[in-house]
Amino acid sequence: MLALLKTEFLHYRKWAIGLLALQAMAWAIVLKLNEYTDASAFDNEITQILSLFGGFIFGVVQMVLITRKNHWAFLLQRPLNSRDIYFAITAASTLHIFIAFPLVWLAVVAGFDLFTNTVVDMRHYYMAPYLMMYSVATYLIGNLVVLNASRAAILTGFGLLTLHNDLPQFTWLKFLILALVIIILLYLNIKSFKADRFQPLKSVSGIVLMAIPMQVILVFFLTMSTALFYDIPQTLMGTHPEQHPTEGSFEYWRNIEEDKRIAYLLKDSDMDNKTLFSRQTELADKDTIATYHSAFNRKNQLNFRDNQWFLSDEDSRTVWVFSHDEMMLQGSDNFTGEHVGWLGQQGFLDKLNLATDADRFITVPSMIKNQFIVTDKLIFQVDFANKQLSVKLMMTGGEYLIGRPEFKEHFVALVTNKQTYLFAAQTFLNEFELAATSYQLPHPVALENLSGLESYRMADGFLLIYRGQDYYGFDKAGAEILYAHANGDVEKIHSVRFNKQNTPEFIQHFDYLISPAIYTLRGVIRNSFQSSELSKQSNDAVLTRPWSSTILITIILLQVSAAIVVLILARRFRLNHGKTVLWVLMSLVVGIPSLLSFLLLNKRA
Amino acid sequence: MSDFCISTKNLTKQFGKKLALNNLTLNIPQGGIHAIVGSNGAGKSTLFRLLLGFDTPTSGSCTLLGEQSDQLSARVRGRVGYVNEEHTLPGWMKVAAVKELQQSFYPNWNHDIYNKVIAYFDVDPKQKVAGLSRGERAGFNLSMALAQRPSLLILDEPTLGLDVVARQSFLEALMFAETEEVMTTIYCSHQMEEIERIAEQLIIMEKGRLINNSTPDDFCARVSCWVADWDAIGSILRNKNVDIPGFLSHREIDGQQHILVVDQGDDFGGFLQKQGAHDIAQLPVNLERAVNAFLTANHNKPVAL
């Protein structure tokens, strides 16, 4: 086995070294051209893209060459287990991948770490094993596509990789899931690496591991298929609901001219002065405030996820980069790169050894407007001129920011899990002290029911429209107008329920219709892997949606039909009893995607 | 343990609508050189791929050295040498490195055999495999296969595309090894003079079926050539109004009809006489002619002919 490993390594070593040299040259040029080399130089998406496609293409090309008819016989006709042969090849390829992809990254990071004062955290080194694992995963997908009896194995491979791409925000979880993906791919490849590789996998575990990720991707494609059989024909005929929204629907209201929206909402209101009121809003300054969660930086996150991680002071020509290792901002001269001090929660420090625990940030902040340091609980303001740090805002009692502050022309908006705060912009920006709230507006409905918030700046306060497709519950669209008076009082003006649906129910919920199991599974997995505050819909909300009887009956019909078709086909394909039962059960649970995966993974006898 | 190194039972392999093997039942005992012949598409290579587990039968079963072909263990694979017609070897490697690699897998590697067999060919160990001629590659491949000391050696048209000298060297090397080691050799070839020279047993396949499994002499004894003056044969063959028993082929040479038939005794002369033939004589048939007649008898011909 070792001899085979060595041989396979020698086969592609020149290619790997060539790729390493090319990347080293590219890095040398990039670093030469960049006068100011900061941590952002590491955030190179090209490296990731190269790893993704490089690994995949290598995996495909290598296996295509190996599996040529007589080459395949030469490789396998030996006194070795096919598993050992595959391990030898994969181990050699892992070495190639290490040389071709993460090694140059490692060298660049180590170079920065050793020879510059650039902030290099331990987490920057994590990128090397991450790139390594990522490339190995895509390499294994390339192998699987060639080795497996079904070319549709590409759906399985990328279905698994999606799991890693979509979900984890925490570095350790990302590594864990990537490792799991690699183990599954390795298992499937070992099972597929057999003398007659045109035979579908026989083991239950092999079938399930091939089928489920494939079904997840198939759900995506099936959902996209609505464009083919619904959206494109309807658009071509000029009858698409987007072109002609149904009156009385949420979309109809969203599509009417901005100036007329308030009037439309108020048309059934018994307000005395609603016409005057509407006209006032036509003249008011309008703004939209986001009510969705956006991810804050996490401690030791992989650096390509970094977002707004440094402050720059032009007067002192210094840059302050957040160090995850020290949990403080490290200042350095913009031109010389020399250290100029540290900035912690309690203010500026000359030396690192002066820092106490109280100086270190508890969570990783984002930097905004070159003067605010924002975490989900605290907002600090930096006064570089006076070398001062002041607390601008502090959340208490389980309240936290769901996103960063939004700076509008006249006000600053902050949305928390409980309410919306509005501050006078000038005061918020220019006074280095605790911000005084101008308006405090508790959310009228649960945050997950809100899809947006619009503000109209009136003469004596703000008019706010809260809206959502699920404002009054699942599929119960609505909007509510509130008036925040200058004295702080909040008055409810009017609320509207949109009882008509713009899009047919089966199109709107096509992803659920074709496979409730996968729809629910994805929701639950997403919630399990993400930090709870980022969940758009809680598990309870996902699991207890009141679907209409039409949808439910259609689902039952689709799933039972899928199972029956699978049963008939399984007999034609001469599957044994156990496999037939497995596929029929899977189709009963998963529905149409399972039927499609059955067709893609089995051959007619 | 089976006495047969190769055994197939009702082995059938279908590729789409094409039947590559048709209910083939074949048992090859251990020892000796067994030649498999058949026209292109007779199913010989398919049979080898099924035996080595690289394909799965549509129905039926096959075993190799007592193990089911679709579940061959590493141990049995180690006892089987396989040389294909392309002599596929890693072209980017040097000869010595390929030899070293192969040698590492076989604890019983016989250096002596390797050296003696490779000596028949002019192969430089420092040369890259891609730079070897077809004959050199064939010799190198055979040397390695023999040095593994296999219990069963499968040679699938190994001399295809080789010139006379290379073919000669290949056969000499093979026969030398045959005398050195106890093994069963399955030799598939279209070259009748090779078969005639080395085969102890002759297996003929046609359209996926077994049509002969005997010694070459026994096979030759089955085929007889009758020479006669027989003007009516042309119209008989055209009109098919008379059934010529065991008829394989016929040729007209110098005004005389040469008729090849199978499994016919001396009474066939009487049959010819009865049909109006005269000056009848029986001639011996060599293996090549017999096999050719056998294989061409049922070969597809354009309708107009």
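The rules behind these values
- Residues numbered from 1 in each chain as written.
- Chains lettered and ligands numbered in written order.
- Predicted model: local features only at pLDDT ≥ 70, side-chain atom pairs only at ≥ 80, totals over all residues.
- Heavy atoms only, no water.
- Domains from an automatic or database assignment.
- Contact = heavy atoms within 4.5 Å.
- Buried area = accessible area lost by both parts, 1.4 Å probe.
- Salt bridge = Lys/Arg side-chain N within 4 Å of Asp/Glu carboxyl O.
- Helix = DSSP H or I, 4+ residues; strand = E, 2+ residues; numbered from the N terminus.
- Core = buried A, V, L, I, M, F, W, Y, C linked by side-chain atoms within 4.5 Å.
- Buried < 20%, exposed > 50% of the residue type's maximum accessible area, 1.4 Å probe, protein only.
- Nonpolar A, V, L, I, M, F, W, Y, C, P; charged D, E, K, R; others polar.
- Axes fitted to C-alpha atoms, helices over the stretch in contact; angles between N-to-C directions.
- Parallel < 35°, antiparallel > 145°, perpendicular 65-115°, else oblique.
- Left-handed = near helix turned anticlockwise from the far one by under 90°.

1. Some remarks on the domain arrangement of chain B
Residue and element names in this part refer to chain B.
Working step 1: Taken domain by domain, chain B consists of domain 1 (4–214) and domain 2 (222–297).
Working step 2: Contact residues are listed per partner, giving twelve residues for domain 1 and seven residues for domain 2.
Working step 3: Carbon and sulfur atoms supply 70% of the area buried between domain 1 and domain 2, which totals about 830 Å² over both sides.
Working step 4: Together, Met-192, Glu-196 and Ile-211 form the three largest contributors to the area buried by domain 1 at its contact with domain 2, with a combined 47%.
Working step 5: At the boundary of domain 1 with domain 2, the tally comes to zero salt bridges.

2. With respect to the environment of Phe-372 of chain A
Residue and element names in this part refer to chain A.
Working step 1: Tracing the chain through its elements places Phe-372 in strand β8 (residues 372–374).
Working step 2: Considered as a pair, Phe-372 and Leu-429 are 57 residues apart in the sequence and their alpha carbons are 9.1 Å apart.
Working step 3: Residues within four places of Phe-372 in sequence aside, it is in contact with Leu-311, Ser-366, Met-367, Ile-379, Phe-380, Gln-381, Lys-392, Phe-407, Phe-428 and Leu-429.

3. Some thoughts on the domain arrangement of chain A
Working step 1: Assigned domains within chain A: domain 1 (2–199), domain 2 (226–238 + 505–601) and domain 3 (292–400).
Working step 2: Computed over C-alpha atoms, the centres of domain 1 of chain A and domain 2 of chain A are 33 Å apart.

4. Regarding the nonpolar core
In a soluble, globular protein the nonpolar side chains are often hidden away together inside.
Working step 1: Membership of the largest hydrophobic core comes to 186 residues, with the highest contact counts inside it found for Phe-193 of chain A together with Phe-140 of chain B.
Working step 2: Sequence-distant contacts of Phe-193 of chain A, defined by excluding residues within four places in its chain, comprise Met-63, Trp-72, Leu-75, Leu-76, Ser-82, Ile-85, Tyr-86, Ile-89 and Leu-147 of chain A.

5. With respect to the interface of chain B and chain A
Working step 1: Each side of the interface is counted separately: chain B has 24 residues, and chain A has 21 residues.
Working step 2: Here chain B packs against chain A, burying approximately 2,200 Å² in sum over the two surfaces, 62% of which is carbon and sulfur.
Working step 3: Its largest share of buried area at the contact with chain A, chain B owes to Phe-54, Trp-92 and Phe-105 of chain B, together 29% of the area lost on that side.
Working step 4: Of all the secondary structure elements, the ones that give two or more residues to the side of chain B that touches chain A are α2 (74–78), β6 (80–83) and α3 (95–105) of chain B.
Working step 5: Sort the elements by how many residues they give to the side of chain B that touches chain A and α3 of chain B lands first, with five residues.
Working step 6: Along the lines of polarity and charge, the residues of the side of chain B that touches chain A split into 13 nonpolar, seven polar and four charged.

6. Things to note about the packing of helix α9 (residues 204–224) of chain A against helix α21 (residues 592–601) of chain A
Helix-helix packing is described using two parameters, namely the angle between the two axes and the distance between the axes.
Residues and elements named next belong to chain A.
Working step 1: Their axes nearest at 9 Å, the elements α9 and α21 cross at an angle of 120°. Taken together, α9 and α21 sit at an angle that is classed as oblique. Of the two possible hands of crossing, α9 and α21 adopt the one that is right-handed. From α9, Met-210, Ala-211, Met-214, Gln-215, Leu-218, Val-219 and Leu-222 reach across to α21, where they touch Ile-592, Pro-593, Ser-594, Leu-596, Ser-597, Leu-600 and Leu-601.
Working step 2: For the contact of α9 with α21, a count of residues per class yields eleven nonpolar, three polar and no charged.

7. With respect to the side chain of His-324 of chain A
All names here are of chain A.
Working step 1: Mapped onto the fold, His-324 is located in the loop between β3 (318–323) and β4 (328–333).
Working step 2: Residue His-324 is classed as buried on the basis of its relative accessible area of 2%.
Working step 3: Apart from residues no more than four positions distant in its own chain, His-324 is found in contact with Asp-121, Arg-123, Arg-298, Lys-299, Asn-300, Gln-301, Asp-306 and Val-364.

8. As for the pattern of salt bridges
Working step 1: Following the criterion strictly, the structure yields 17 salt bridges over all chains and no others.
Working step 2: Across the salt bridge formed by Arg-83 of chain A and Asp-84 of chain A, the nearest N and O atoms sit 3.8 Å from each other.
Working step 3: Note that Arg-75 of chain B is salt-bridged to Glu-67 of chain B, the shortest N-O span being 3.7 Å.
Working step 4: Several salt bridges share partner residues, and in doing so they unite Arg-254, Glu-454 and Arg-467 of chain A into one network.

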